[in-house]
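So the chains spell out like this:
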Amino acid sequence: MGTWGPGVFEDDTALDAAAEFRELIAQGLSPEAATARVLEEMDTSDVFGEQPSLWFGLAAEQVKLGRLVEEVRAKSLELIDSGADLQAWRDVDAKFLRKRRKALARLRKKLVGKQRKPKRVKARTVHRTGWQVGDVLAYRLRSGRWVVMRVIGVEGDPDTSAIVDLCEWAGEEPNPPPDILAGPRKGRLGFEEELRSARESHEAEHREYRAGTPPHIIDLTERSRKDPDLFRRSIERMKTENGKFALPCESERGYPEDRFRRIAQGVAVHPGDMCGAFMVPDWKALDEFLEDMFGVK
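Anyway, here's the lowdown on the structure attached to this text. No experiment lies behind these values; they were computed from the predicted model shown.

Cut-off values and rules
Residues numbered from 1 in each chain as written. Predicted model: local features only at pLDDT ≥ 70, side-chain atom pairs only at ≥ 80, totals over all residues. Heavy atoms only, no water. Pairing = 2+ DSSP bridges. Helix = DSSP H or I, 4+ residues; strand = E, 2+ residues; numbered from the N terminus. Contact = heavy atoms within 4.5 Å. Buried < 20%, exposed > 50% of the residue type's maximum accessible area, 1.4 Å probe, protein only. Phe/Tyr/Trp six-rings, centres within 6.5 Å; stacked < 30°, edge-to-face > 60°.

Moving on to the sheet that holds strand S6 (residues 245–246). Strand order across the open sheet formed by six strands is S7-S3-S4-S5-S6-S8, with mixed pairing between neighbours. Each edge of the open sheet is held by one strand with a lone partner, namely strand S7 (260–264) and strand S8 (278–279).

Dropping the structure here:
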């Protein structure tokens, strides 16, 4: 999602840096070692040079935990005082810019003020799925009917989730015909409309390509003209990703164990990753998700 607000933690990079630092502290690393690991694993630069959001997220989390590292304090103060961060906000409205300045002023005050004592950090629970690629899962809907999912991928670090697709079948008992397991996946509702909209947008961009066209459209149009197959590949990728979704982990709260059955293993599947997959937010939402996305109930 990137950045969605003026606050220090209204930014994916800041949140990632803070979460990674907290996790490393929980594992027993010193603040200095944890900082070095975060800076090594995350890209500290962007189009404006140093990436302010990473440093600010790291600094704010270190202050919160009572483990402010001098390198992080100094770099964050340098970025705040130089105004480098505000370069990324120069095209937003004045009200938004004022809120960003206030957020940075609050962070600066914390950085130069008296620091709290180190706070104990508990290691968070790591959730790892026990399902494997090729597993076939029957799931009983609240209506009493059964649907069948195939595990096509397992991803995540340190947590892992199963990426699945839905077979074109629903029944009163969890025993689909064998050919169903090797059959096509069920596509999302409205997917054909998405394809039609993508094609219309593509055609419109080519028609409207002229002086004054937004730079991102010029770039896309130039690339598609140089490579006529670019749009075709994009459409094929959309088709490949259609129907994939990621389940929460079985160890997470609310897992409806009594409504799941593993009815087969080692089934040949088309492997899939998290790219383009929708995420079921939690187990309570699974039935609603399946109805909204696939029309099964």
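Turning our attention to the environment of valine 269. Mapped onto the elements of the fold, valine 269 is located in the loop between S7 and S8. Taking the C-alpha atoms as reference points, valine 269 and valine 136, 133 residues apart in sequence, are found 9.9 Å from one another. When sequence neighbours within four positions are dropped, the list of residues in contact with valine 269 reads Val133, Gly134, Arg150, Val151 and Ile152.

With that settled, consider the pairing of strand S4 (residues 146–155). For S4, the tally of buried residues reaches eight of 10 residues, placing the bulk of the element in the interior. The pairing of strand S3 (residues 136–140) with S4 spans five bridges and is antiparallel. Across the sheet, alanine 138 pairs through a bridge with valine 148, a residue of S4. Connecting S3 to the next strand, S4, in antiparallel fashion are five residues, including glycine 144 with a positive phi near 100°.

Before going further, it helps to examine the packing of aromatic side chains. Inspection of every chain in the model, using the stated rule, returns nine aromatic pairs. Plain terms: the ring middles of phenylalanine 260 and tryptophan 283 are 5.6 Å apart, the flat faces sit at 75° to each other, and that makes the pair edge-to-face. Here tryptophan 283 lies in the loop between S8 and helix H10 (286–294) and phenylalanine 260 lies in strand S7, a separation of 23 residues in the sequence. The same class applies to phenylalanine 260 and to tryptophan 283, which are both buried. Every member of this aromatic cluster is reached through a ring pair, and the members are Trp131, Tyr139, Tyr255, Phe260 and Trp283.

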